[in-house]
Amino acid sequence: MHAASLSKVQRYGLRFVALGYLAALLLVPIAIVFVRTFEDGLGPPLEAITSPDGQHAFWLTLVCVGIAVPLNTVFGVVAALVLVRQKFRGKAILNTIIDLPFAISPVVIGLALLLVYGRNGWIGQDLIDAGIQVIFSTPGMVLATIFVSLPFVVRETMPVLQEIGNEQEQAASTLGASGWQTFWRITLPSIRWGVAYGVVLATARALGEYGAVSVVAGRISGETETLPLFVENEFTNFNLAGAYAAAIVLALLALVVLFSMNLLKRKETET
Amino acid sequence: MSISVEGVEKRFGTFEALKGVSVAVPNGSLTALLGPSGSGKSTLLRVIAGLEQPDAGRVLIAGNDATTVTPQKRGVGFVFQHYAAFKHMTVERNVGFGLKIRKKSKEEIAAKVDELLKLVHLDGFAHRYPSELSGGQRQRMALARALAVEPEVLLLDEPFGALDATVRKELRTWLRRLHEDVHVTTIFVTHDQEEAMDVAQQIVVMNDGLIEQVGTPRDLYEEPANEFVMGFVGEVNKVGDDLVRPHDIQILLEPDGVGSQEGQIERVSHLGFEVRVELVLEDGRRLAVQTTRQEAEEREFEAGQIVYLRPDRERKFATGA
């Protein structure tokens, strides 16, 4: 036997540790959720998620994701371009600030939003006077979702931009392309897989966000409940079928997102 | 179009890339910017293209001040050392890019692309992606792409620098012929003096952000303005304060009694037609002599042999030049 290679026992041992870890901590709990959901047939879970509150939670989740992810995508591409292609004072600070949502606990993010937009917050009362309710309402939840899912597109796009360099863009400009034309025809197609990967990660994060959204939502059933909040609410009200069913909807959405991420990765390695 | 650069300065941080450069390039000429790395030659080319803004000075294209004109409007074709191929586009779409930007009709673009791909010997590669081409093919594609918009000026930044020796020689002959056909004012950057001398009609020798000399290949070789130019455009030996080319030293078997120097042959290298003889002088200094194969054979040069050297056409430059 070669000195550097592992014995059969060692190889199987390593594999057992890796798979066992995954199974015990991830797969078994998720599988149990599935089993529990359909314990009494399709009826109860179906009823729970088609209830007005369940449907509302589903739509509200889509609204939050549907606003937060596109906004963060546009911001992310612009910020990545600025950070990679431009030199300016405070660049390092901007670069660090973008990572704040990773570093700060979501609950703190929620509290911070309360301090700004809440009734006793910085501009909260002014907004309420102007007829805009942010906290305990959809705008606040969208803001919280934007906050927590902000870094992904920037972070996935920056390394790709760095790698492609700016010679292609310079070539396009000498061929007569304007800045706008260069962006659409050269830059964006070159970074598209990086951006798409960031969008997938941001979507996954936005779908599942609980902490920050929960603080600013006020948790009014049928009004300010996204799917993760709905799951928690059903659970604490001993409506287990509803909690499990909604959890499964969330899990399925996440699976679709993860699956598309894998597809993208494969595409990326092909090109 | 003629190009004129007047007093151009460019700094990157504390590094002075160009320290006040003025040069004129006549309409329709083929000019090389020659110099070692860090001499400012690429920066000068990028200033002419508008890809860098000079800190001081002007760039005139066809007599008009183009200093503040964007590259987009400057009407120059630019070819990059590393091709800058649009990786997500086929060869055909790469070459047609500038025409598409100019909103030409599909038929017009197709016809022009076809013509250019023939010119650069890439017909049949229209539907390939750049990743499926060799380095030489990518660079020819980049040239076709730059020529498609019929630029008034063609600028090439170390165009053959990333290619292997055979392809490089082939492409430079081809570039010279292309220039004879197309007659667009062309400037290319190179650090290879042989390439510059082979291709260019006019050479601008640069060093340390300044121009050392401008002239034809022959001028530079025969009448170098200073020690730097003499050393850069060909091999030199230093004998005392004198500089002499290896082929301007005669090897004698006997002393001539009027100042020939004794030396011992260290090594004889046969390089085909020419033979290179390396010698050590009495004072320990080394020099190289180029001679013909015929002479080396007749005189039976070999390592260890004592010979006498007579330099011819040696030059002396003022120190500090």
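Located above this text is the structure these notes cover.
For clarity, every value in this text was computed on a predicted model and none was experimentally measured.

**A short note on the nonpolar core**
Phase 1: Counting residues in hydrophobic clusters, the biggest one holds 87 residues, and the most contacted among them are Ala32, Leu33, Ile48, Ala142, Ala144 and Leu155 of chain B.
Phase 2: When residues no more than four places from it in sequence are discounted, the contact partners of Ala142 of chain B are Val79, Phe80, Tyr83, Ala84 and Ala85 of chain B.
Phase 3: With 57 residues, the next largest nonpolar core counts Ile109, Val134, Tyr197 and Leu227 of chain A among its residues.

**A few points about the pairing of strand β13 (residues 249-252) of chain B**
Residue and element names in this part refer to chain B.
Phase 1: Burial along β13 is one-sided: Ile249 and Ile251 are buried, and none of Gln250 and Leu252, which face the opposite way, are.
Phase 2: Pairing between β13 and strand β17 (residues 306-311): 4 bridges, direction antiparallel. Note on β17: the bridge partner recorded for Ile251 is Leu309.

**Examining the sheet that holds strand β10 (residues 210-215) of chain B**
Residues and elements named next belong to chain B.
Phase 1: Spatial ordering of the open sheet is given by β6-β7-β8-β3-β9-β10, a layout of 6 strands whose pairing is mixed. Every interior strand has two partners, whereas the edge strands, β6 (76-79) and β10, have only one. The average angle at which neighbouring strand axes cross in this sheet is 15 degrees, direction not considered.
Phase 2: Contacting β6 and β7 (153-157), helix α5 (residues 135-148) runs over the sheet at an angle of about 170 degrees to β6.

**Remarks on the interface of chain B and chain A**
Phase 1: Facing the 19 residues of chain B at the interface are 14 residues of chain A.
Phase 2: Looking at the side of chain B that touches chain A, its residues break down into 11 nonpolar, 5 polar and 3 charged.

Rules behind the numbers
- Residues numbered from 1 in each chain as written.
- Chains lettered and ligands numbered in written order.
- Predicted model: local features only at pLDDT ≥ 70, side-chain atom pairs only at ≥ 80, totals over all residues.
- Core = buried A, V, L, I, M, F, W, Y, C linked by C-beta atoms within 7 Å.
- Buried ≥ 20, exposed ≤ 12 C-beta atoms within 10 Å, placed from the backbone.
- Contact = placed C-beta atoms within 7 Å.
- Helix = DSSP H or I, 4+ residues; strand = E, 2+ residues; numbered from the N terminus.
- Pairing = 2+ DSSP bridges.
- Axes fitted to C-alpha atoms, helices over the stretch in contact; angles between N-to-C directions.
- Nonpolar A, V, L, I, M, F, W, Y, C, P; charged D, E, K, R; others polar.

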